[in-house]
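Overview (structure and organization)
Listed below, chain by chain, are the residues.
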Amino acid sequence: MEQTPKLAFVEQALAERAQQQQLRSLQPLHPIDAVRVTGYGQILLNFTSNDYLGLSKHPQIIAAAQRYTAQYGTGATASRLVSGTYDIHLHLEEQLAAATGREAALLLNSGFQANATLLPALLDRQSLVLCDRLVHNSLIHGIRASGARFIRYAHNDLNHLESALQQAVQQGVRRMAIVTETVFSMDGDCSDVEALIQLANQYGAILYLDDAHAVGVLGQRGMGLAADRPEVDIVVGTCGKAFGSFGAFVTCSRSLRQYLINFCPGFIYTTALPPAVIGAIEAALLLIPSLDAERLHLAQLSQTLRPELQALGYSTAASRSHIVPLVLGSETRTLHLSDWLKQQGILATAIRPPTVAAGTSRLRFALSSSHTVEHLQYLIQTIASWTDC
Ligand SMILES: *Cc1c(COP(=O)(O)O)cnc(C)c1O
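About the criteria used
Residues numbered from 1 in each chain as written. Predicted model: local features only at pLDDT ≥ 70, side-chain atom pairs only at ≥ 80, totals over all residues. Heavy atoms only, no water. Helix = DSSP H or I, 4+ residues; strand = E, 2+ residues; numbered from the N terminus. Contact = heavy atoms within 4.5 Å. Core = buried A, V, L, I, M, F, W, Y, C linked by side-chain atoms within 4.5 Å. Buried < 20%, exposed > 50% of the residue type's maximum accessible area, 1.4 Å probe, protein only. Pairing = 2+ DSSP bridges. Axes fitted to C-alpha atoms, helices over the stretch in contact; angles between N-to-C directions. Expected span 1.5 Å × (residues − 1). Arc of directions from axis to C-beta. Right-handed = clockwise from strand over helix to strand, strands pointing away. Phe/Tyr/Trp six-rings, centres within 6.5 Å; stacked < 30°, edge-to-face > 60°. Near = heavy atom within 4 Å. Polar contact = N/O pair within 3.5 Å; in protein donor to acceptor, adjacent residues only side chain to side chain. Areas by Shrake-Rupley, 256 points an atom, 1.4 Å probe, with all protein chains shown as cover. 1 Å grid on protein atoms, 1.4 Å probe; cavity = no way out; pocket = protein on both sides within 12 Å on 5 of 7 lines; lining within 4 Å. Points joined across faces, edges and corners; volume = space filled by probe spheres on them.

Some remarks on the environment of A105
Looking at the secondary structure, you find A105 in strand β4 (residues 104-108). On a C-alpha basis, the gap between A105 and F249 in space is 6.5 Å, while along the polypeptide they are 144 residues apart. When neighbours within four sequence positions are excluded, A105 is seen to be in contact with E93, L96, A97, V250, T251 and R257.

This is the structure in structure tokens:
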């Protein structure tokens, strides 16, 4: 019998993607400063990075990474429970807990890894998860890995969430969790943390919030939308976005931290974050509470961009943050506009299905406090001068 080559599916999947014009590839860029890169043979003003406070190039943070590398070496050399916990790891966790106004903090190697592994540690096959329809892929990954049954409620629709909670209580579900984000990465809108806390309390559900786009930028002292809220059981923050470096952390109660150290495989079976990264996170954490002027500037940029785009006839969806989508709907138009902007020296990602729902293709502008008013005006003028033909 003729055998199909064992990797035939690879070629087939790639060909299908190419045919749908959805084949992705990696483009090399070189950073110049927090908002400019060279790439595609030119200098581009970058509206795609998550470096919301421009900290990735901050001299104090670079110096801290270098200092810890010199003192502790390039690697932590083992997992945390073996011999990879240095004094700097524990000290940073204490500082993260204090800065977020939460009882305890635990470092994880990335936001993706945190979500993919915390959820299976907290949930089992008898559990039920209620998650917002628009949550990040890493959360879906974690929920699936837990084996829990899950229901995706309509985006930010707390009535839908509450009726699902009522039903679950009637069915006698043993363990329930509400899983959502505080700021949604593709729409830039926010969830109602107060209302979520109230529902979680009323129905006895674990409340798990992914604060990836808020830490550094929003909330008390810029420490996220769940800062100072002990009622939220699990909060995940990443250090790859506003913190300007890498890694992630979870804030929770002391006993939950102890539980994760013992039962969370993505914490246990991986090498501890390297000293350079610990130094960078620590230095960013020292700076962030003092960056109110930067946060105000960032908020003003988005408060200018949204009405300007709307005045040009475009939808910015429900954005209320530094993430501002320009929803065009059509994939082709979205690609056209993205190409046009690139020709004019502006980098803006086209986001298309399957990342977003069909018919909601968009450009996603991620603003940074390092963007100037002039940068923003140039973006707006360039979009205004686009004629789609
Ligand atoms: C970026 C992001 C993550 C992943 O964080 P990394 O540290 O980049 O792995 C998780 N959740 C959300 C909502 C994100 O936007």
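Back to the text.
Observations regarding the nonpolar core
F243, L305, L326 and F365 are the most contacted members of the largest nonpolar core, which has 62 residues in total. Those residues in contact with L326, other than ones at most four positions away along the chain, are L309, Y314, S315, L337, S361, R362, L363, F365 and I383. Counting 28 residues, the second-largest nonpolar core is a separate cluster that includes L119, V129, Y208 and C252.

Quick word on the sheet that holds strand β10 (residues 248-252)
With mixed pairing, the seven strands of this open sheet are ordered in space as β4-β10-β9-β8-β7-β5-β6. Each end of this open sheet is capped by a strand with a single partner; those strands are β4 and β6 (149-153). Strand-to-strand twist across the sheet, computed as the mean angle between neighbouring axes with direction ignored, equals 20°. Pairing of strand β9 (residues 234-238) with β10, which is carried by four bridges, proceeds in the antiparallel orientation. Of the residues in β10, the one forming a bridge with G237 is F249.

Structural notes on helix α12 (residues 292-311)
With 20 residues, α12 extends 29 Å between its outermost C-alpha atoms, agreeing within 8% with the 28 Å of an ideal straight helix rising 1.5 Å per residue. For α12, the full list of buried residues reads R295, L298, L301, S302, L305, R306 and L309. Looking straight down α12, one finds its buried side chains confined to an arc of 125°; they lie on one side. Residues A293, Q303 and A311 are exposed on α12 and point more than 90 degrees away from its buried face. The inward-facing, buried residues of α12 contact β11 (323-329), β14 (361-366) and α14 (373-384).

Focus on the pairing of β6
Sheet analysis places strand β5 (residues 128-132) next to β6, joined by five bridges and oriented parallel. The residue bridging L130 from the neighbouring strand is I151, located in β6. Once you follow β5 into helix α6 (residues 137-146) and on to β6, the crossover reads as right-handed.

Observations regarding the packing of aromatic side chains
This structure, assessed with the given rule, holds five aromatic pairs. For the pair Y72 and Y86, a centre-to-centre distance of 5.8 Å together with 20° between the ring planes defines the contact as stacked. Linking Y72 in helix α2 (residues 59-72) with Y86 in the loop between α3 (80-84) and α4 (87-100), this pair joins segments that are 14 residues apart in sequence. Here a set of aromatic residues connected by ring pairs shows up, and it is made of Y68, Y72 and Y86.

Considerations on the site of the ligand
Lining the immediate environment of the ligand, one finds S110, G111, F112, N115, H136, S138, E181, D210, A212, H213, T238 and K241. Contact between the ligand and F112: an oxygen atom at 2.9 Å from a main-chain N or O atom of the residue. With the chains in place, 84% of the 380 Å² that the ligand exposes on its own is no longer accessible. Looking at which element gives the most residues to the shell around the ligand, the answer is helix α5 (residues 111-122), with three residues.

Describing the layout of surface pockets
Here the largest pocket defines a volume of roughly 910 Å³. Lining of the largest pocket is provided by 23 residues; of these, R24, S25, Y40, T349 and A350 occupy positions nearest its centre. Elements with a minimum of two residues in the lining of the largest pocket: α13 (331-343), β12 (346-347) and β13 (349-351). Broken down by element, the residue count for the lining of the largest pocket peaks at four residues, all from α13. There is about 720 Å³ of room inside the second largest pocket. H136, N137, S185, M186 and T355 are the residues nearest the centre of the second largest pocket, which is lined by 22 residues in total. Elements that contribute at least two residues to the lining of the second largest pocket include exactly α6 and β14.

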